Amino acid sequence: MRINKGTKGEKKMNLKMNKVTKTYQHERALTEIDFHLNPGEIVGLVGPNGAGKTTLMKILAGVIVQYEGHAALEDSEKIGSLIEKPKYFPNRSGRYNLNYFSALYGTPKETLEEIITSLDLRTYLKKKVKRYSLGMKQRLGIALALVSNPAYLILDEPTNGMDPDGIRSILAYLKKLAKERNIGVLISSHILKDVEAISDRVCIIKNGRLVSEYAPSSTIENLIDLTFEDEKDLQHALPLLRELDGFTTHDTTATFYFDGEMKPLLKQLGNLDIFPREVKRRSATLEDFYFENMEREAK
Ligand SMILES: Nc1ncnc2c1ncn2[C@@H]1O[C@H](COP(=O)(O)OP(=O)(O)OP(=O)(O)O)[C@@H](O)[C@H]1O
């Protein structure tokens, strides 16, 4: 974990990067990334292992300073981050660590107590941090990122190792911080449902490039799940379906965008002696969008 102190700025400007390219030794990790984060906004960052999420976050947080392009706050502001292992004193208690960093940043006592309560840390405060479970360490890491009263929070997989109750309450707390204290939050996770639940928008990164952006508010039921009896039927139907917008497959189900009447399509399939077991109309989720992007990129 790293906490950037920065100087205080009255005006909150957005956090952004322009045409950022990062190469490690000989390996290109990011290519020409344009990205911004506004105050009070929660942005999700999702992508496969090795796509470049941590690298992007490290550059935004100022942990990596060698790269091509430009990444900076337009105004000096404070960034709290939890990226990879939080830095703390493992042989000391949670309370010692929180007091130490609070003293460093001049955090008011009430603010610290509010953070401890909101992150449900109170029962572990006396315990040495090296004896914390992964979930407890993550909570402490988020708390330490918050004691500097940051304008922006950059959290790399912060819910790793947390139980479902913990995840729900942390996500609700982050939402509250964004809405009530106008903190801009960038959060990465492989749990697409969690990212979808909390984010105002979600950026998808693949092979070091931002390939797409998703706004999770859609309630339009324009997606069809067509489930076939078996793989053979699905394969047989492919020539008819694969050109449809957003087409993906999972097990014996084909998924695609389809606004109109399904009858003509079902009739065409019937002519091929294919009768799907189930036709379901629903709204698209981040998961649909994610796989659609991964498949499109792979083509
Ligand atoms: N310190 C490093 N030295 C060399 N290569 C690195 C270093 N850190 C990351 N990389 C490489 O850069 C690419 C992007 O890695 P990064 O950790 O940013 O991905 P990620 O999206 O966070 O992955 P994950 O989901 O597995 O955490 C990978 O190919 C990785 O091997």
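Here, every reference points to the structure presented above.
Bear in mind that the values here come from a model prediction, so they are computed numbers and not experimental data. (Residues numbered from 1 in each chain as written. Predicted model: local features only at pLDDT ≥ 70, side-chain atom pairs only at ≥ 80, totals over all residues. Heavy atoms only, no water.)

*Asks:* An account of the site of the ligand is requested, with residue identities and associated values reported.
*Replies:* Every one of the 14 residues lining the ligand counts as a neighbour, but Glu27, Gly50, Lys53, Thr54 and Thr55 are closest to it. The backbone of Gly50 places a nitrogen or oxygen atom 2.8 Å from an oxygen atom of the ligand. Between the ligand and Thr55 there is a distance of 2.6 Å, counted from an oxygen atom to a side-chain nitrogen or oxygen. Expressed as a share of its isolated accessible area of 640 Å², the protein-covered part of the ligand is 65%. Listed by contribution, the elements that provide at least two residues to the shell around the ligand are strand 3 (27-37) and helix 1 (53-61). By residue number, the principal contributor to the shell around the ligand is helix 1, which donates three residues. Broken down by class, the residue content of the shell around the ligand amounts to four nonpolar, seven polar and three charged. (Near = heavy atom within 4 Å. Polar contact = N/O pair within 3.5 Å; in protein donor to acceptor, adjacent residues only side chain to side chain. Areas by Shrake-Rupley, 256 points an atom, 1.4 Å probe, with all protein chains shown as cover. Helix = DSSP H or I, 4+ residues; strand = E, 2+ residues; numbered from the N terminus. Nonpolar A, V, L, I, M, F, W, Y, C, P; charged D, E, K, R; others polar.)

*Asks:* An account of the packing of aromatic side chains is needed here, citing residue identities and associated values.
*Replies:* Summed over all chains, the structure comprises nine aromatic pairs. A centroid spacing of 5.2 Å and a plane angle of 80° characterise the contact between Tyr100 and Phe101, whose relative ring orientation is edge-to-face. Three or more aromatic residues joined by ring pairs make a cluster, and in this case those are Phe89, Tyr96, Tyr100 and Phe101. Over the aromatic face of Tyr96 sits the side chain of Arg92, whose NZ or CZ is 4.2 Å from the ring centroid. (Phe/Tyr/Trp six-rings, centres within 6.5 Å; stacked < 30°, edge-to-face > 60°. Lys NZ or Arg CZ within 6 Å of the ring centre and 35° of its normal.)

*Asks:* Kindly report on the pattern of salt bridges, identifying the contributing residues and their values.
*Replies:* Going through the model one piece at a time under the given rule, you end up with 12 salt bridges. Linking Glu113 and Arg122 is a salt bridge whose minimum nitrogen-to-oxygen distance equals 2.9 Å. On the basis of relative accessible area, Arg122 is assigned to the partly exposed category, the value being 40%. A salt bridge links Glu213 to Arg201; its shortest N-O distance comes to 3.3 Å. Pair noted here: Glu213 is in strand 10 (residues 209-214) and Arg201 is in strand 9 (residues 201-206), with a separation of 12 residues, a long-range link. (Salt bridge = Lys/Arg side-chain N within 4 Å of Asp/Glu carboxyl O. Buried < 20%, exposed > 50% of the residue type's maximum accessible area, 1.4 Å probe, protein only.)

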